[in-house]
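The residues making up each chain are set out below.
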Amino acid sequence: MCDVNPPVSQGRLPKRNNHICHKCNVAKPTLKSRHTYYCQPCFEVAFGNKFRAQVGKALKLSPRRKPRVFLALSGGTSSRALLDLVYNFSKLDYPTANNQKFEKFIVCHINESALFPNSTGNADILRGMVEAYDGPTYDEVPLESAFHVGDTESNDSIPAPLLRINEGSSYVDSEYLFTLSRSEESFRAKLQALFAATKKLTAKEELLADLRTSLLLQRARQHGCELVFLGDTCTRLAIRVIALTSRGRGYSLPVELGDGSQWFKEVVTPPSFTTGLPVKASIDRLTEDFIVGLDRDFPSTTSAVTRTAAKLTPRDGLDLRKQCLLCLMPVETDIPQWKSDITVRTNTDSQSTKDAQGPSSPSTLNLTSHLCYACQNTLSELAPGVDLPTLVPPTYFEETIAGLGQLGLTEEHGTGGALMSSEAMKASIQDFLLDD
Amino acid sequence: MARLCEICHREKAVLKRPKTLQSICRPCFYQVFETEIHHTITKNRLFQPGDRVAIGASGGKDSTVLAYVLKTLNERYQYGLHLFLLSIDEGITGYRDDSLETVKRNQLQYDLPLKIVSYEELYAWTMDAIVREVGLKNNCTFCGVFRRQALDRGAMLLGATHIVTGHNADDIAETVLMNLLRGDVARLQRCTEIATPGEDGCVPRSKPFKYTYEKEIVMYAYFKKLDYFSTECIYSPNAYRGYARAFLKDLESIRPSSIIDIIHSGEAFQVRRGVKMPTQGFCSRCGYISSNPLCKACVLLEGLNRGLPKLGVSRAGLQQLDPQLGPAADPNSPPTTAAKEYPSSSDPSAAAAVRTGKSLDW
């Protein structure tokens, strides 16, 4: 959008003088956006106005209703521009520092230096950047605190319950077995071990996205913010629509991207697993290349994709109270049934091989029905033995495990495992449970 | 040491299944491949005993394997189906005439009756003639729209109660992506359905290969040494679809389950209430189902016959449609009134052929 001579044809638009800014009709243009040539000052004003109009309409603010606002800042172009736009918006009718449009304005940066050592300096740069504005409060949170439960700054923060993937877990049989794990390693080491457990970049990206989403959400809740700003652009959203579809996430797509939903969106940070790597490194990277390339030849692609996605809704019958333990998204029932209906893996003669497996250990948790379809795919690309943090709220996790204990004896897949009673189950996870 | 089959643990494994990543032997591959299709057919109750099933046969790998597998399954599980091969001759010299030779060989090899319907009989236009008229740019639109109807007409003439097509999982995943990219919500919701309900005078249609990977179909044809025709159509493939196809192939190489994952996504898509959707009616000219007063095939045919080949292809082309025919672009006007207002086509012979099939000699 910042190219003065883009390859896109102008279509049926009237021919206009391309040597002068179309807004002020005086200055020399520096950029072209959506068939219009702008000089820099005019572009800034026009862009700001457009943002203000859209946000103002969506938020319905009034002097009496001052929201607490949370902005996720990766430091990339989109979220950096968003910070400036939201700041200018907040100052619009309130030019002095102590009288603000927002009751609270938190700018949160997730420090991912545990995974990307090259980005270690970013946090300090961003802190300076945010502090240069008067008003927003800078909040930095390390990615590894996704392994905490509760307030990360206070001393009473508790490690999140860890799920260790068992050897017997298998994508083909669509059976995901775990044991609760208590590792004494540092959070940072656990995080690094988790990402070292797979070579597949698609799986890494999915895990990272899950961790970010849950952290931002947790953080925004801790600050009591009811509004979360994320730097997703139309292009980025279109890429996400196609990437989520390609990973089998059609069921959660409407809640992930729908702007009216109670759910959430995520941001994209400059250092990523696929920066500088070939196109086929991961699904996200490939989709990015695909959409950006297509949009160059067919300029309506991104808006068509995002508009289409906005018309979708979660399927009837999808239980929106049930959350995936990993990504917090809705879980469909009957995934193993769906898979087994379309795939035959055995012939009738050797059907017995599966039943011949030894009984699973008493502490084994079969969490297949609490993991969504796409997370099951991701897990199939992780090595057994790795510890995963549960990202759902601890009370939800406790209920899930307790529910599993009651159902355990009538386990639907007939693994023959003697599953523990709910009391025994509760005893084994006692250390992780929070007092009400 | 050679690897043993992961299913029977006896034979030597000769292939790795793209769908499950299992290394398996040839007999086990045939077994799982055929059984999956059998499951798809029985779980979705695609057929009733006694059904007369027309297999859309192009001579390509998908339809050849479909004909072979359906015949095998029909005998093995006693579906009680009467199977036919139904081919459409689009009139593309150097492509369809060759592939039809394959279909004719299949007819003998599988001992199935064959019917060929041609665009020329139905519409009085061959694709060669259409391309001479419209050029290479939008010719796929004509071919696709005409083929859909031609299959239905052919099936009715055969007295078929069901049509099966060789669309495989890759095709369906690609269509999901295409409909997302084009912003076609109505089709996005429909395109993952395995069968169309054959109401309103249409023959029900289904895709038994909905969950079958293209790669496995090729493997099956290769190992069974099935005789099929593999050449791209000489009238260049649709460019936009080409992007989606290339993207899908890349996705598959990153994560082989992507194809099934996309279908899984597609099945979950549901359009929000309140989104305007086209309403299904009937074409006032030929009576075929259509969401407009005139069906797409009639609009395209009208354009061809009047020397306005852009008609029905581009928005600008639709404006060339004179005011009398204008409501073709308006989805809301009821088809019944349209029938009174718009008398029959300027080329009565073609339209009559479409309507009654009289000029067809079988």
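Residue positions are given per chain, counted from 1 along the sequence in the order it is written. For this description, chains carry letters from A and ligands carry numbers from 1, given in the order in which they are written. Residues qualify for local features only when their pLDDT is at least 70, as the model is predicted, and side-chain atom pairs are given and counted only at 80 or more; totals for whole chains, interfaces and linings, by contrast, use all residues. Hydrogens and waters are ignored; side-chain quantities use all the structure's heavy atoms.

**Points about the overall build of chain B**
Phase 1 of the analysis: Assigned secondary structure in chain B consists of 15 helices and 11 strands.
Phase 2 of the analysis: Burial analysis of chain B (362 residues in total) assigns 54% to the buried set.
Phase 3 of the analysis: When checking whether two residues touch, look at their non-hydrogen atoms; a contact exists if any pair is within 4.5 Å. In chain B, the proportion of contacts linking residues at least 24 apart, taken out of those at least 6 apart, comes to 69%.
Phase 4 of the analysis: Accessible surface computed for chain B: about 15800 Å², of which carbon and sulfur atoms make up 52%. Counting from the N terminus, the helices are the DSSP runs of H or I reaching at least four residues and the strands are the DSSP runs of E reaching at least two. For every residue, the accessible area (1.4 Å probe, protein chains only) is compared with the maximum for its type, and the residue is labelled buried under 20%, exposed over 50%, or partly exposed between those bounds. Only the protein chains shown count as cover for residues, and the accessible areas themselves come from Shrake-Rupley with a 1.4 Å probe.

**Topic: the overall build of chain A**
Phase 1 of the analysis: Within chain A, the secondary structure is distributed over 14 helices and 13 strands.
Phase 2 of the analysis: Across the 436 residues of chain A, 51% fall into the buried class.
Phase 3 of the analysis: In chain A, the share of contacts with a sequence separation of at least 24, taken over all contacts with a separation of at least 6, comes to 71%.
Phase 4 of the analysis: When the accessible surface of chain A is split by element, carbon and sulfur atoms take 51% of a total near 20800 Å².

**A short note on the sheet that holds strand β3 (residues 68–72) of chain A**
Residue and element names in this part refer to chain A.
Phase 1 of the analysis: Spatially, β5-β4-β3-β10 is the arrangement adopted by the 4 strands of the open sheet, whose pairing is parallel. Because the sheet does not close on itself, it has two edges, and the strands there are β5 (137–142) and β10 (227–229). Between one strand axis and the next, the sheet turns through 25° on average, direction left out of account.
Phase 2 of the analysis: At least two DSSP bridges between two strands are required for those strands to pair. Of the pairings in the sheet, the one linking β3 to β10 comprises 3 bridges and is parallel in character. Its bridge partner lying in β10, Leu71 is registered against Phe229.
Phase 3 of the analysis: Where helix α2 (residues 77–91) meets the sheet, it contacts β3, β4 (104–111) and β10, and its direction lies at approximately 155° from that of β3.
Phase 4 of the analysis: Axes, fitted as lines to C-alpha atoms, cover a helix only where it is in contact. Angles between the N-to-C directions of the axes lie from 0 to 180 degrees. The strands touched by helix α5 (residues 201–222) are β3, β4, β5 and β10; relative to β4, the strand with the most contacts, the crossing angle is about 150°.

**Notes on unusual backbone geometry**
Phase 1 of the analysis: For Leu328 of chain A, which is not glycine, the phi torsion reads 70° and is therefore positive.
Phase 2 of the analysis: With respect to the secondary-structure elements, Leu328 of chain A resides in the loop between β11 (312–313) and α10 (335–342).
Phase 3 of the analysis: Positive phi, normally seen in glycine, also occurs at His9 of chain B, with a value near 60°.
Phase 4 of the analysis: When you line up the elements, His9 of chain B lands in the segment before β1 (15–16).
Phase 5 of the analysis: According to the relative accessible area criterion, His9 of chain B is partly exposed, its value standing at 45%.

**Re the confidence of the model for chain B**
Phase 1 of the analysis: As a per-residue quantity, pLDDT reports the predictor's confidence and falls between 0 and 100. The pLDDT averaged across chain B works out to 82; a share of 83% of its residues lies at or above 70.
Phase 2 of the analysis: Residue range residues 322–362 of chain B is modelled with pLDDT below 50. Its contacts to residues more than four positions away, or to other chains, number 62 contacts.

**Looking at helix α2 (residues 61–76) of chain B**
Because each turn of an α-helix spans 3.6 residues, side chains separated by three or four positions end up pointing in the same direction.
Residues and elements named next belong to chain B.
Phase 1 of the analysis: Along its 16 residues, α2 runs 22 Å from first to last C-alpha, staying within 8% of the 22 Å computed at 1.5 Å per residue.
Phase 2 of the analysis: Turning to α2, its buried residues number three or more, namely Lys61, Asp62, Ser63, Thr64, Val65, Leu66, Ala67, Val69, Leu70, Leu73 and Asn74.
Phase 3 of the analysis: Just downstream of α2 lies Gln78, where phi reads positive at about 50°. Multiplying 1.5 Å by the residue count of a helix minus one yields the expected span of that helix.

**What about the pattern of salt bridges?**
Residue and element names in this part refer to chain B.
Phase 1 of the analysis: Salt-bridge detection follows one rule: a side-chain nitrogen of Lys or Arg within 4 Å of a carboxyl oxygen of Asp or Glu. Evaluated as defined, the whole model comprises 36 salt bridges over all chains.
Phase 2 of the analysis: We note a salt bridge from Glu252 to Lys215, for which the minimum N-O separation is 3.7 Å. Of this pair, Glu252 sits in helix α10 (residues 239–254) while Lys215 sits in helix α9 (residues 214–223), and the two are 37 residues apart along the sequence.
Phase 3 of the analysis: On the basis of relative accessibility, which here comes to 45%, the residue Lys215 falls in the partly exposed class.
Phase 4 of the analysis: Via salt bridges that share partners, Lys61, Asp62, Asp170, Asp171, Glu174, Glu214, Arg245 and Lys249 belong to a single interconnected network.

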